[in-house]
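# Notes for the structure review
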There are 2 protein chains.
Amino acid sequence: MSSSVAEGAKRRPTLHDVAARAGVSKSLASLALQGSPKVAPASREAILAAANELGYRPNRTASSLVRQRTHTIGVHILDLHNPVFAEILDGVQEAARGHDYSTLLVTGNADPVTERTEITRLLESRVEGLVLIAHRLSDEDLAAIAREVPTVVVTWRTDGIAGLDSVAGDDLAGARLAVDHLAALGHARIAHISGGDNRIARERRSGYERAMADHGLDPLVVDGAFTERGGYAGAEAAVDAGATALVVANDLAAIGALAALRARGLRVPDDVSVVGYDGMRLLDSLDLTTVAQPLAEMGRVAADLLMERIEAPDRPSTHRLVETRLVPRGSSGPAPD
Amino acid sequence: MSSSVAEGAKRRPTLHDVAARAGVSKSLASLALQGSPKVAPASREAILAAANELGYRPNRTASSLVRQRTHTIGVHILDLHNPVFAEILDGVQEAARGHDYSTLLVTGNADPVTERTEITRLLESRVEGLVLIAHRLSDEDLAAIAREVPTVVVTWRTDGIAGLDSVAGDDLAGARLAVDHLAALGHARIAHISGGDNRIARERRSGYERAMADHGLDPLVVDGAFTERGGYAGAEAAVDAGATALVVANDLAAIGALAALRARGLRVPDDVSVVGYDGMRLLDSLDLTTVAQPLAEMGRVAADLLMERIEAPDRPSTHRLVETRLVPRGSSGPAPD
DNA sequence: CTGAAAGCGCTTACAG
DNA sequence: CTGAAAGCGCTTACAG
């Protein structure tokens, strides 16, 4: 394929090679390849043809270096195994593409050390902005990052950090929706399977507790986690304690809770009602009631905020709250007598 | 933070700034930051301190350019919404990190145009190798890419393309496992919900058809897709045709099939047995029998093959077949009388 | 152990 | 419309 081969190793063609083959200067070749209108049609054609014949592929590391722009945003996803994050990502990518930005995706697999390494890598690659679809960074690390590059956090509200925007659902209100729904169905022994010790879990738990109090009901919180396993164990503890309804911290855990109930021979919703949280698409097939967030929209909003901040790095922080709603499905029904 | 601020805009510190602050040359600063042992301890400390005070962050685009290496592999994922791919990715990343490579992740969202754009981006970023966790490229495109950079395809066997390795499960044998399992349970009306018109779907379908023939049973194939929706529609058609057992093309479609059966008021496995394909973790909670592939291992093997080829670009293509096994769960049971 | 110089592949004023 | 030159931020021989 390539014309000159040095000691068997194939050197990739550069702009220099293209220009030489087309019989023009590097500068002109560069202009032509960028589609500049100031190149004579004949030259342009010669250059494009040469590039084609050579299989020329522009070197982004070189052009980024000189342009001082990468036109790329970095996205960190906490955990690729939770489909919720993939749905948020859809929105981010759609909006980023709309602004003609590419996306560099990275995941910490819910491990803080890996996460920092990967985000550092993004920064070294000079992404122009960062979307964190959940994270485990400390406030200090987060502030340091936001000082370096426009950043938006999706999934929980993050104030008080300059240069940082956030997009989140109202977890307090969302958890209340779940309790209201179950209370309206006549449930009194409504348990909450918590999502562990993190901001979102705490918010959802508070929402549950306040709503229970408002309904004059005794709260019953059992330890769980944002995982199937966490939901499974939580559901066992909750039914042991006599719960007839479960407000589970997230959808994944709700799926685990369902498995636990099945293993116990309990019917859903006849014996126990289950409500999840997040609104991942799969729940439709699973017929699971949930508190749904507009996931893709959260991603879109995040990317849009990021683009705004890339344009105007010093604008004040903005925090968007998206609307959350209850989606009733077959996993919740009237309380047993 | 930074010392000299030009017209309000903060310029990021470069190696030059670090060297100046430490009172040494750029070359020495570079060496020190790379941890070279040829730098005097005193100099090293001064340099590290200066870098720290300045908040210096090395510019990867610059170092990649001069080093002619990125130490990065690109990974394309067909569809982030199928957890199967995330599980394969785990293996890829684990192995890549083990070889001290970073990973650039990209997805085409199952759209061929986006896919090509994203892969092109990876190539322009000079990744040293490519793992395609499924793809929609033509053989020509694939061959062109493999000519440019070491490439391995995961998920189906791909021969006849130089410089390209592949890792796949034995779909023919796998589908047979599902049929054998159901036949052993006494089922005769075993339907296959196909995965559409693509290589994997065709293989699995053939496996099903051959196995049925070997059992002396009449095949019954209904159109489906590798999606919940496809499984849903397929299941409806299959039970209409009198099937008592469903061999579904993949797990996602099997989840959809379950939803269809539930909507029809059919019990699983009492009325209809369901077997999925892929082995995604979630199925454990869903109590769904499946033909499981060692997903993370497939990813690890792929990354290992890629590393080998990066070392020896001209070695012959190798194609690895991983072992597939049936994981029986609650969704399959004896045939109804 | 340390510094001056060249160069990675590209883009962008600046002259003509 | 086109070319020569400088430079993006770094690394790496090469002298000392």
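Our structure is the block above this text.
Let me begin by describing the structure that accompanies this report.

### So, empty space enclosed by the protein
For the coordinates displayed, the defined rule picks out 1 cavity of 30 Å³ or more. Here the largest cavity is characterised by a volume of approximately 240 Å³. In terms of lining residues, the largest cavity is bounded by 16 residues, among which Thr61, Leu104 and Ser125 of chain A together with Thr61 and Ser125 of chain B are the most central. Among the elements of the structure, α4 (60–67) of chain A together with α4 (60–67) of chain B are those that each provide at least two residues to the lining of the largest cavity. Taken together, the residues of the lining of the largest cavity break down into 2 nonpolar, 10 polar and 4 charged.

### Topic: the sheet that holds strand β7 (residues 220–222) of chain A
Residues and elements named next belong to chain A. One open sheet accounts for 6 strands, arranged β7-β6-β8-β9-β10-β12; its pairing is mixed. Each of the sheet's edge strands pairs with one partner strand only, and the pair in question is β7 and β12 (325–327). Across the sheet, the mean angle separating the axes of adjacent strands is 25° when strand polarity is ignored. Of the pairings in the sheet, the one linking strand β6 (residues 190–193) to β7 comprises 3 bridges and is parallel in character. The residue of β7 that forms the bridge with isoleucine 193 is valine 222. Against the sheet, helix α10 (residues 228–240) engages β6, β7 and β8 (245–248), with an angle of about 150° to β6.

### Considering the protein's contact with DNA strand D
Residues in contact with DNA strand D amount to 25 residues; listed here are only the nearest, Ser27 and Ser43 of chain A together with Leu15, Ser30 and Tyr56 of chain B. Looking at DNA strand D alone, sugar and phosphate atoms form 69% of those within 4 Å of the protein. Separating a phosphate oxygen of DNA strand D from a side-chain N or O atom of serine 30 of chain B is a distance of 2.5 Å. Here asparagine 59 of chain B contributes a backbone N or O atom positioned 3.1 Å from a phosphate oxygen of DNA strand D. For the surface near DNA strand D, the secondary-structure elements that each account for two or more residues are α2 (26–33) and α4 of chain A together with α2 (26–33) and α4 of chain B. With 5 residues, the single largest contributor to the surface near DNA strand D is α4 of chain B.

### Section: the packing of α2 of chain A against helix α3 (residues 41–54) of chain A
Residues and elements named next belong to chain A. Look at α2 against α3: their axes get within 9 Å of each other, and the N-to-C directions meet at 85°. In terms of axis orientation, α2 runs roughly perpendicular to α3. Residues Leu28, Ala29, Ala32 and Leu33 of α2 touch α3, and the partners they reach there are Ser43, Arg44, Ile47, Leu48 and Ala51. When its residues are assigned to classes, the contact of α2 with α3 shows 7 nonpolar, 1 polar and 1 charged.

Calculation notes
Residues numbered from 1 in each chain as written. Chains lettered and ligands numbered in written order. Predicted model: local features only at pLDDT ≥ 70, side-chain atom pairs only at ≥ 80, totals over all residues. Heavy atoms only, no water. 1 Å grid on protein atoms, 1.4 Å probe; cavity = no way out; pocket = protein on both sides within 12 Å on 5 of 7 lines; lining within 4 Å. Points joined across faces, edges and corners; volume = space filled by probe spheres on them. Helix = DSSP H or I, 4+ residues; strand = E, 2+ residues; numbered from the N terminus. Nonpolar A, V, L, I, M, F, W, Y, C, P; charged D, E, K, R; others polar. Pairing = 2+ DSSP bridges. Axes fitted to C-alpha atoms, helices over the stretch in contact; angles between N-to-C directions. Contact = heavy atoms within 4.5 Å. Near = heavy atom within 4 Å. Polar contact = N/O pair within 3.5 Å; in protein donor to acceptor, adjacent residues only side chain to side chain. Parallel < 35°, antiparallel > 145°, perpendicular 65-115°, else oblique.

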